[in-house]
Amino acid sequence: MLRSVILAASRSSRVERLVATAPFSRDVVRRFVAGAQTDDALRVTRELVDGGVTVTLDHLGEDTVTPEQATTVRDEYLTLLRRLAEAGLTPAAEVSVKLSALGQAFDEQLAYDNARAICAAADAARTTVTLDMEDHTTTDSTLDILAKLRKDHPSTGAVLQAYLRRTESDCRDLATAGSRVRLCKGAYKEPESVAYQSAREVDKSYVRCLNILMSGDGYPMLATHDPRLISIGEDRARWFDRAPDSFEFQMLYGIRPEEQDRLVGEGYTVRTYVPYGDDWYGYLMRRLAERPANLAFFARALASRK
Ligand SMILES: Cc1cc2nc3c(=O)[nH]c(=O)nc-3n(C[C@H](O)[C@H](O)[C@H](O)COP(=O)(O)OP(=O)(O)OC[C@H]3O[C@@H](n4cnc5c(N)ncnc54)[C@H](O)[C@@H]3O)c2cc1C
């Protein structure tokens, strides 16, 4: 019910205008999204990097349904990478890319070609690209494209979602030398046939996957705000004798900033995922609709900085 209301609101331009102009929304948006323009992304990146945090930037875009839209997204990333390098913000800042924004839904080859151009630009800017993971129908295609990209760009990062039953096995496959793997719980509504449904099962899977990645040869990127999982990550770093530059913690922009600072203070590498772009309304509403529990997630972030 709540989901249908949020989805309806996400499609209504009247509600969008209302939300976009309300003083409260401006604060909410500013808290979770860097801004609409590349300049905003650079400004927030500079602030975070000066504070000792590394960054991954995500350009928010409308759903990509034509090759022209996919090219526009690609070009935005090429511009962003050039400007990050010019500003001296690489390699501290890298980029996160959704293959759906590059055309994956209607032309996998086009998505691959666009991603390859972004990886080449990241190499030139002396930084890296991570491929965000979307719903489970895209997992095989995304991992196939990752494998192809890694032939020429071995530092391309993967994302694995602990809620998927297949992920332990994917972790084993990807825990190899030099392999950058972000482990998150997973943000989409998935059926029981492919995904654990209870928070407890997802957390247990996260720990099993974390153990595989932290004991392996790759570069784990532990993306979570969950205090218990962060503390298990710290524990495994000691247990497996991992140097601070051999793995990292990741959190979303605006969520638990004080915890991000605490981890930096402890000497860990921390990366903040920073979305920017003018499609912030769709982004926030879709995240809420995908998982109405995200309403509590954002509300908690507004109430607490810890
Ligand atoms: C860097 C990054 C990249 C991501 N990339 C992807 C991706 O590519 N694909 C994908 O599907 N998902 C992605 N996600 C989203 C992820 O899958 C989860 O949906 C999201 O992170 C929420 O899960 P959680 O692990 O933070 O814990 P949750 O289950 O949301 O929260 C667990 C506990 O953490 C604490 N907590 C959580 N939020 C707050 C808060 N705001 N304030 C205070 N305490 C809080 C509370 O104690 C809470 O009980 C990404 C997340 C991050 C951080």
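## Comments concerning the overall build of the protein
- Scanning the protein from N- to C-terminus turns up 13 helices and eight strands.
- Among the 306 residues that make up the protein, the fraction classed as buried is 54%.
- In the protein, once contacts between residues fewer than 6 apart in sequence are set aside, the share between residues at least 24 apart is 73%.
- Carbon and sulfur atoms form 53% of the exposed surface of the protein, whose accessible area is close to 14,100 Å².

## Here we look at the pairing of strand 1 (residues 54-59)
- In terms of burial, strand 1 is largely enclosed, as six of its six residues are buried.
- Alternating positions in strand 1 separate into two faces, T54, T56 and D58 on one and V55, L57 and H59 on the other, with burial throughout.
- Where strand 1 lies against strand 8 (residues 270-276), six bridges are found, and the strand directions are parallel. Opposite L57, over in strand 8, you have V274 as the bridge partner.
- Strand direction decides the pairing type here: strand 1 and strand 2 (residues 93-97), joined by four bridges, are parallel. Residue V55 lies in a different strand from strand 2, and its bridge partner there is A93.

## Overview of helix 7 (residues 139-152)
- Compared with the 20 Å implied by 1.5 Å per residue over 14 residues, the 21 Å span of helix 7 between its first and last C-alpha is a close match.
- Taken together, the buried residues of helix 7 touch helix 6 (108-124), strand 3 (129-131), strand 4 (158-161), helix 8 (167-174) and strand 5 (180-184).

## Some thoughts on the packing of helix 5 (residues 67-86) against helix 6
- At a closest axis distance of 9 Å, the pairing of helix 5 and helix 6 adopts a crossing angle of 10°. Regarding the angle of helix 5 to helix 6, the classification is roughly parallel. Counted together, P67, A70, T71, R74, Y77, L78 and L81 of helix 5 and L110, N114, A117, I118, A121 and A122 of helix 6 form the full contact between these two elements.
- The residue makeup of the contact of helix 5 with helix 6, split by class, is 10 nonpolar, two polar and one charged.

## Topic: the pairing of strand 5
- Most of strand 5 is tucked away, with five of its five residues classed as buried.
- Residues R180, R182 and C184 point to one face of strand 5 and V181 and L183 to the other, with burial holding for every one of them.
- When strand 4 meets strand 5, the two strands line up parallel, connected through four bridges. When the sheet's bridge partners are listed, L160 is paired in strand 5 with L183.
- Note on the crossover from strand 4 through helix 8 to strand 5: the handedness is right-handed.
- Considered for its hand, the β-α-β crossover made up of strand 5, helix 9 (residues 199-215) and strand 6 (residues 219-223) is right-handed.

## Focus on the nonpolar core
- The biggest cluster of nonpolar side chains holds 66 residues, and the ones touching the most others in it are L57, L80, V95, L102, I118, V129 and V274.
- The contacts of L80, once residues within four sequence positions are left out, are T38, A41, L42, L57, V95 and Y276.
- Core analysis: the next-biggest nonpolar cluster, separate from the first, contains 13 residues, L60, L252, L284 and A301 among them.

## Considerations on the site of the ligand
- Taken together, 25 residues are adjacent to the ligand, and M133, K185, G186, T224 and H225 come closest.
- Interatomic distance of 2.8 Å between a side-chain N/O atom of K185 and an oxygen atom of the ligand.
- Here A187 contributes a backbone N or O atom positioned 3.0 Å from an oxygen atom of the ligand.
- Taking 950 Å² as the accessible area of the ligand by itself, protein coverage stands at 86%.
- Elements with a minimum of two residues in the shell around the ligand: strand 4, strand 5, strand 7 (248-252) and helix 13 (293-303).
- Class assignment of the residues belonging to the shell around the ligand gives a composition of 13 nonpolar, five polar and seven charged.

What counts as what
Residues numbered from 1 in each chain as written. Predicted model: local features only at pLDDT ≥ 70, side-chain atom pairs only at ≥ 80, totals over all residues. Heavy atoms only, no water. Helix = DSSP H or I, 4+ residues; strand = E, 2+ residues; numbered from the N terminus. Buried < 20%, exposed > 50% of the residue type's maximum accessible area, 1.4 Å probe, protein only. Contact = heavy atoms within 4.5 Å. Areas by Shrake-Rupley, 256 points an atom, 1.4 Å probe, with all protein chains shown as cover. Pairing = 2+ DSSP bridges. Expected span 1.5 Å × (residues − 1). Axes fitted to C-alpha atoms, helices over the stretch in contact; angles between N-to-C directions. Parallel < 35°, antiparallel > 145°, perpendicular 65-115°, else oblique. Nonpolar A, V, L, I, M, F, W, Y, C, P; charged D, E, K, R; others polar. Right-handed = clockwise from strand over helix to strand, strands pointing away. Core = buried A, V, L, I, M, F, W, Y, C linked by side-chain atoms within 4.5 Å. Near = heavy atom within 4 Å. Polar contact = N/O pair within 3.5 Å; in protein donor to acceptor, adjacent residues only side chain to side chain.

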